[in-house]
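A closer look at the structure
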Amino acid sequence: MIVSKKATNIFIHAAGWLVFFGFPLLFMNRTQQSSSSTYNVILSPYYWLFCLTYIFMFYFNAWYLVPRFVFHKKYVVYGLIVLLLSGCVYFLQPFDNLLLHNLVKEKQSTAAPIGPQLIPGADSGNANPKNLPFGPLPHEDLRMQDPSLKKPSNQIILIHQSGNIDMVGLFIFIIVIGLGIAMSTVQKWQLTEQMVIRAEAEKTHAELSFLKAQINPHFLFNTLNNIYALSVTDSEHTSESIMKLSNIMRYVTDEVTEDFVLLQSEIDCINDYIDLQKLRLGKKNKLDFNFNGDMAQKKVPPLVLMTFIENVFKYGVSKHEPSVISINIKVTEDKILFTCENTIFDNRPASSRKGIGITNTRQRLQHIYPGRHRLNISQEAAMFRVELEIDA
């Protein structure tokens, strides 16, 4: 993922600079009346002065100036440095020098030798820009010699044309600085967003681990209490119950560490748990457990259904009064439907300890299925009902 992102960034930068390199070549071909060799333009030192000047300023601004000064709110220092860089562009005049050099080459190839501006003191002649085949130059200070005059031997090409302002070069400089600021800002925003997402994921993982740590002992302690009651009465089902508990513990210790388990594994654990609970049910207790549908590929968070079933047996069984427990699991193509209900006993003494299972399960569902589950817990007449629908 990281390698692919870096390769994409490199490709975008390379494509952008290729377009930028082609810009002066296209411009030269459009502004000349006679065709010139693109190869000669590329070999020109002024072409590479033009390209490298803006490449340096772009990355120097994006990778150093913006992170060090703009992101640390040192705007005055940053502004002064940008002004200094603009002064360098004013002195180098990358675009005008490239244009002038190319026009000189073009004139030399079609007529007599032509030279650019001379050092003060040199004979400038009486050239008329209107007589040149390519028309007058963009700036009055870049006048050319009359082709009929002999080229002075002391002529020197200057980088900076006195009194001239390279407006196109400065405009490109502003664009390059703006793009550098935009690129650095976007990269910082993406990095900040990734850090926030990573921190949120770590927070969620820590919360889920804590909730699981609460659920597992809570569930096991209740099951051990049931087996302890069987052992005290010397029940013949004690060994079978220990085996059932062994299966449950294997599921809890091995598979519950995963974020998701097969729904079939959860149902197998539920079956073992219900078999343990049947050992203490009397004739007055009615139990219905039904599940149907294709469960082969469906997955759920571990113990997410077990918590509700555990509470059904904890609060819905009485030794003296009739009780009804109903558990149904239905799997469709895109949903898992779970319902359970149990009888409410008005004379049951209030427990001094409130269970934490349902509260933790509700929080787990909110973390794992945000907006993709519906949990409804209701109490109607003498029945307590839980309805859970998960978008699988």
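Refer to the structure presented above.
Now for a look at the structure at hand. Small disclaimer: the values here were computed from a predicted structure and weren't measured.

Here we take up the nonpolar core. One recurring pattern in soluble globular proteins: nonpolar side chains tend to sit buried together. The biggest cluster of nonpolar side chains holds 39 residues, and the ones touching the most others in it are Leu-263, Ile-270, Leu-305, Phe-313, Ile-327, Phe-338 and Leu-388. If you list the elements that add at least two residues to this core, you get helix H7 (238-255), helix H8 (263-278), helix H9 (306-315), strand E4 (323-331), strand E5 (335-343), helix H10 (357-368) and strand E7 (383-391). Top element by residues in this core is H8. It accounts for seven residues. When residues no more than four places from it in sequence are discounted, the contact partners of Ile-270 are Phe-289, Leu-305, Met-306, Ile-309 and Ile-329. Of all hydrophobic cores here, the second largest spans 30 residues; its members include Leu-25, Ile-55, Phe-58 and Leu-85.

What the rule picks out here adds up to 17 aromatic pairs. Summarising the aromatic geometry, the rings of Phe-56 and Phe-60 are spaced 5.4 Å apart at their centres and angled 10° between planes, so their arrangement reads as stacked. In this pair, Phe-56 and Phe-60 are both assigned in helix H3 (residues 45-70), four residues apart and thus about one turn of the helix distant. Its relative accessible area of 26% is what places Phe-60 among the partly exposed residues. Aromatic pair Phe-60 and Tyr-64: ring centres 5.5 Å apart, planes at 20°, arrangement stacked. Taken together, the positions of Phe-60 and Tyr-64, both in helix H3 and four residues apart, correspond to about one turn of that helix. Relative accessible area serves as the criterion here: at 35%, Tyr-64 is assigned to the partly exposed category. Pairwise contacts between aromatic rings join Trp-17, Phe-20, Phe-50, Tyr-54, Phe-58, Tyr-59 and Trp-63 into one cluster.

Further remarks concern the pattern of salt bridges. One pass over the structure, following the stated rule, counts eight salt bridges. Residue Lys-244 is joined to Asp-275 by a salt bridge in which the shortest nitrogen-to-oxygen separation is 3.1 Å. Of this pair, Lys-244 sits in helix H7 while Asp-275 sits in helix H8, placing them 31 residues apart in sequence. For Lys-244, a relative accessible area of 19% puts it in the buried group. Assessed through its relative accessible area of 28%, Asp-275 is described here as partly exposed. Arg-385 is the salt-bridge partner of Glu-387, the closest N and O atoms lying 2.6 Å from each other. The network of salt bridges with common partners includes Lys-335, Arg-374, Glu-389 and Asp-391.

Rules used in this analysis
- Residues numbered from 1 in each chain as written.
- Predicted model: local features only at pLDDT ≥ 70, side-chain atom pairs only at ≥ 80, totals over all residues.
- Heavy atoms only, no water.
- Core = buried A, V, L, I, M, F, W, Y, C linked by side-chain atoms within 4.5 Å.
- Buried < 20%, exposed > 50% of the residue type's maximum accessible area, 1.4 Å probe, protein only.
- Helix = DSSP H or I, 4+ residues; strand = E, 2+ residues; numbered from the N terminus.
- Contact = heavy atoms within 4.5 Å.
- Phe/Tyr/Trp six-rings, centres within 6.5 Å; stacked < 30°, edge-to-face > 60°.
- Salt bridge = Lys/Arg side-chain N within 4 Å of Asp/Glu carboxyl O.

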